[in-house]
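Here's the letter readout for the chains.
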Amino acid sequence: MPESISYNNLKPLTQWVNLQQPLSFDDYCQVGGYQGAKVALEHSPNDVLDIVKNSGLKGRGGAGFPTGMKWSFVPMFKDGDENAPDNKYLVANADEMEPGTFKDRLLLEGVPHQLVEAMIIAAYTIGANKGYIFLRGEYHLAAKRLQQSIDEAYQNNWLGEKIQGSAYSMDLYVHCSAGRYICGEETALINALEGKRATPRAKPPFPQVSGLFGKPTIVNNVETLCNLPHILKNGIEWFQAIAPNSDAGSKIYGACGRVKTPGLWELPMGPTLREVLYDYAGGMQEGLQFRGLLPGGASTDFLVEEHLDTPMDFDSIAKVGSRLGTGGLIVLDDKNCPVAMVLNLMRFFAQESCGWCTPCRDGTPWAVEVLNRIEQGQGKIQDLDTLAKLCDFMWIGKTHCALAPGAV
Amino acid sequence: METIDTTTIDYQHYLTAPEIAAIEHEASIMETREAAGIEALKVVQENRGWISDESLFAISDLLAIPIAQLEGVATFYNLIYRQPVGEHVIHLCDSIACHLTGLDAVLAAIKQHLNIEYGQTTADGKFTLLSNACLGSCDKAPAMMIGTEHYQHLSPESAVDILQQLAVKGAVNA
Ligand SMILES: NC(=O)C1=CN([C@@H]2O[C@H](COP(=O)(O)OP(=O)(O)OC[C@H]3O[C@@H](n4cnc5c(N)ncnc54)[C@H](O)[C@@H]3O)[C@@H](O)[C@H]2O)C=CC1
Ligand SMILES: Cc1cc2nc3c(=O)[nH]c(=O)nc-3n(C[C@H](O)[C@H](O)[C@H](O)COP(=O)(O)O)c2cc1C
Ligand code: SF4
Ligand code: FES
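What comes next concerns the included structure. All of these numbers come straight from a predicted model, not from anything done at the bench.

### Remarks on the environment of Gly 136 of chain B
Topologically, Gly 136 of chain B is positioned in the loop between strand 2 (127-132) and strand 3 (144-146). Judged by relative accessible area, Gly 136 of chain B falls into the buried class, the value being 4%. On a C-alpha basis, the gap between Gly 136 of chain B and Cys 93 of chain B in space is 9.3 Å, while along the polypeptide they are 43 residues apart. Apart from residues lying up to four places away in sequence, Gly 136 of chain B is in contact with Thr 101, Phe 102, Arg 105, Arg 136 and Tyr 139 of chain A.

Shown next, in the form of structure tokens:
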């Protein structure tokens, strides 16, 4: 790539987003689409795995787990190996329901072919012949557009038998869910896809070894996957040079609440909270003061003014006591009551708890009750003790999934 | 409440041919028939508005899913209605971004206009009001979904306007 191109202006993920009318198959190919998948098919799955590992790509679903490492846990078999399972699965996690998170919707509605291409690359690498897009039920437009793109990919032999003359075959389906936050947790999602009640499963075993229908399965977030075509097409160096001083690649950041210009922006990894809040979201609306924010969705911890110079990457945000999560700021102003805000969040978690673990099933509504009292001005000093105890009771390690710690 | 004699419900008599075809298609792309349960519920709900006990039994019969398990699935999801609902179901987002940007006023205006609370249906059977978790419109909050339409940047006035227009237009999904 010529030196003159500023890496910082590159927006690989969102460059071709068009919400009115997403690119058709032909138009997507015109702008370089399916080139990444082509490169992948020219390499062995093992080589592609090395590329993804070395790229430094981390999961954009919120936990930031290194994607290549996750894939490397999937058992691989030689042709004809009698121990090989009859199938493995790739699932795109498009259940986006974390309050304050709306980034995947942009990719799903705006450039659906990118996800289809990405899934071909990922499935090929882990040796899966079947992929599912697990889509939240409310995203009707995305469902329609994804299905159109999948149909076009079949017509052009990018899906189906012997893709582009290679020995690799793959089928891809959209599964529309019916609205329940816990379905986004990867093991709950697997239960949901199997037609069971969507409660999480105990880990280990991790899905990479025993997932959908008991077979090796990779679940990746939509945004994570959408990086793949670009990494394959442009190479590892290009990907790492996007954000030389941070986690590799770009990230879709967002902001909502009473800021001047709420929205989404694809930026090199690691802008500071302040930059996103003031340079992109425009700061607070007229007459309002900044009070605090959640950096990456409802399940992340509050940050305030003194934290604003923290870069938004996985490690830096963790160092100041929160999590990058999904990278969407939820901004609180001085005219909204903080207790009411916390109450709103806690109500959400109480409602969405799947009810499997006692601390979460009973702890979240209890916290709602206490907060309700405080909000109505009837709080007692003991209530704070109760809340502190509840927080401890629902912390990491005491429940099956991260919903309860997220609520705290 | 009357108990239903489940032995009398046989899917072939209860479900229509297009319903069965749509469900069989879903079953064919999954590894097990059980896995098509949620899609089956959606297919039937789309045609009949909600999932009655009879519908539940018929699907359980067609897909050979134990009834208790299917009921567990049906009641787990927000978008499966196990009670009759109005012609239009309003899913008003009550999550954080909408809360911060004026949900309370919009909710009050809708309740007043329709004269119902969350979970209720208007006397004329036109509207049911439900809350919904974040609709992914947080940058354009407050937001609601009715049928497959998403409405954003709501104000008390615009929300009531939308409902008035729907009331004259008839069903969105029809
Ligand atoms: N995008 C959204 O709408 C939402 C995102 N989240 C995010 O989800 C995150 C929590 O997700 P979890 O899946 O519970 O996190 P996790 O850290 O348990 O897992 C993350 C990924 O890494 C894999 N992994 C982790 N440890 C592993 C090991 N030892 N061996 C093999 N694989 C391993 C898991 O299989 C999973 O795919 C939170 O950070 C939150 O921000 C939460 C709610 C909604
Ligand atoms: C309660 C809960 C809900 C979740 N919802 C989502 C979701 O909607 N989308 C998503 O990508 N990940 C979600 N996750 C995280 C997934 O479990 C998993 O970590 C992710 O899909 C892995 O993808 P990645 O490695 O590409 O980030 C959720 C986790 C929890 C605990
Ligand atoms: S922590 Fe809550 S949501 Fe997660 S498995 Fe336990 S009860 Fe279910
Ligand atoms: S919080 Fe209402 S749309 Fe996200």
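That was the structure; now back to the text.
### With respect to the packing of aromatic side chains
The description of two aromatic rings rests on the distance between their centres and on the angle between their planes. Taken as a whole and judged by the stated rule, the model has 13 aromatic pairs over all chains. Taken together, a centroid distance of 4.8 Å and an interplanar angle of 70° make the contact between Tyr 181 of chain A and Phe 348 of chain A edge-to-face. Pair noted here: Tyr 181 of chain A is in the loop between strand 3 (171-176) and helix 8 (186-193) and Phe 348 of chain A is in helix 14 (residues 338-352), with a separation of 167 residues, a long-range link. The residues Tyr 181 of chain A and Phe 348 of chain A share a single accessibility class, namely buried. The ring of Tyr 14 of chain B has Arg 48 of chain B lying over it, and the distance from NZ or CZ to the ring centre is 4.6 Å. The ring of Tyr 118 of chain B carries the charged tip of Lys 111 of chain B above its face, separated from the ring centre by 5.5 Å.

### Considering the interface of chain A and chain B
Each partner contributes residues to the interface: chain A has 50 residues there, and chain B has 39 residues. Of the roughly 3700 Å² buried between chain A and chain B, counting both surfaces, carbon and sulfur atoms make up 57%. In this structure, the connection of chain A to chain B is made through one salt bridge. Here Glu 31 of chain B and Lys 130 of chain A are joined by a salt bridge, their closest N and O atoms 2.8 Å apart.

### What to know about the sheet that holds strand 1 (residues 89-94) of chain A
Residues and elements named next belong to chain A. Spatial ordering of the open sheet is given by 3-2-1-4, a layout of four strands whose pairing is parallel. The sheet terminates laterally at strand 3 and strand 4 (217-221), the two strands that pair on one side only. Averaged over neighbouring strand pairs, the angle between their axes works out to 20° when direction is ignored. Sheet topology note: the strand 2 (residues 130-135)/strand 3 ladder contains six bridges and is parallel. Looking at the pairing, Gly 131 lines up with Leu 172 of strand 3. Along the sheet, helix 6 (residues 112-126) contacts strand 1, strand 2, strand 3 and strand 4; its crossing angle with strand 1, the most-contacted strand, is approximately 145°. Along the sheet face, helix 7 (residues 140-155) touches strand 2 and strand 3 and points at about 170° away from the line of strand 3.

### Thoughts on the pattern of salt bridges
Should the charged atoms of two oppositely charged side chains come close, the side chains can pair. Residues and elements named next belong to chain A. A complete count under the given rule lists 25 salt bridges over all chains for this structure. Two residues, Asp 247 and Lys 58, come together in a salt bridge whose shortest N-O distance is 2.9 Å. On the criterion of sequence distance, the pair formed by Asp 247 in the loop between helix 11 (236-242) and strand 5 (250-257) and Lys 58 in the loop between helix 3 (45-55) and helix 4 (67-72) is long-range, its members being 189 residues apart. The exposure classification of Asp 247 matches that of Lys 58, with both residues buried. Ionic contacts of the salt-bridge type, sharing partners, join the residues Lys 103, Asp 104, Glu 223 and Lys 251 into one network.

What counts and how
- Per chain, residues are indexed from 1 in the order of the written sequence.
- Labels follow written order: the first chain is A, the first ligand is 1, and so on.
- Confidence filtering applies because this is a predicted model: local features only for residues at pLDDT of at least 70, side-chain atom pairs given and counted only at 80 or more, and all residues used for totals across whole chains, interfaces and linings.
- Derived side-chain values reflect all non-hydrogen atoms in the structure, with water molecules and hydrogen atoms excluded from consideration.
- Under the DSSP-based scheme used, a helix requires at least four consecutive residues in state H or I and a strand at least two consecutive residues in state E, with every element numbered from the N terminus.
- Buried residues are those whose accessible area, probed at 1.4 Å on protein chains only, stays under 20% of the maximum for their type, while exposed residues exceed 50% and partly exposed ones sit between those limits.
- Here a residue-residue contact requires only that any non-hydrogen atoms of the pair lie within 4.5 Å.
- Side-chain rings of Phe, Tyr and Trp, where Trp is taken by its six-membered ring, are said to pair if the distance between their centres is within 6.5 Å; with planes under 30 degrees apart they count as stacked, over 60 as edge-to-face, and otherwise as tilted.
- Over a ring means this: the NZ of a Lys or the CZ of an Arg is within 6 Å of the ring centre and within 35 degrees of the ring normal.
- Here the quantity called buried area is the total loss of accessible area, with a 1.4 Å probe, experienced by two parts when brought into contact, counted for both.
- Here, a salt bridge means any Lys or Arg side-chain nitrogen found within 4 Å of an Asp or Glu carboxyl oxygen.
- Should DSSP find at least two bridges between two strands, the strands are regarded as paired.
- Here the axes come from fitting lines to C-alpha atoms, over the contacting stretch only for helices, and the angles between their N-to-C directions go from 0 to 180 degrees.

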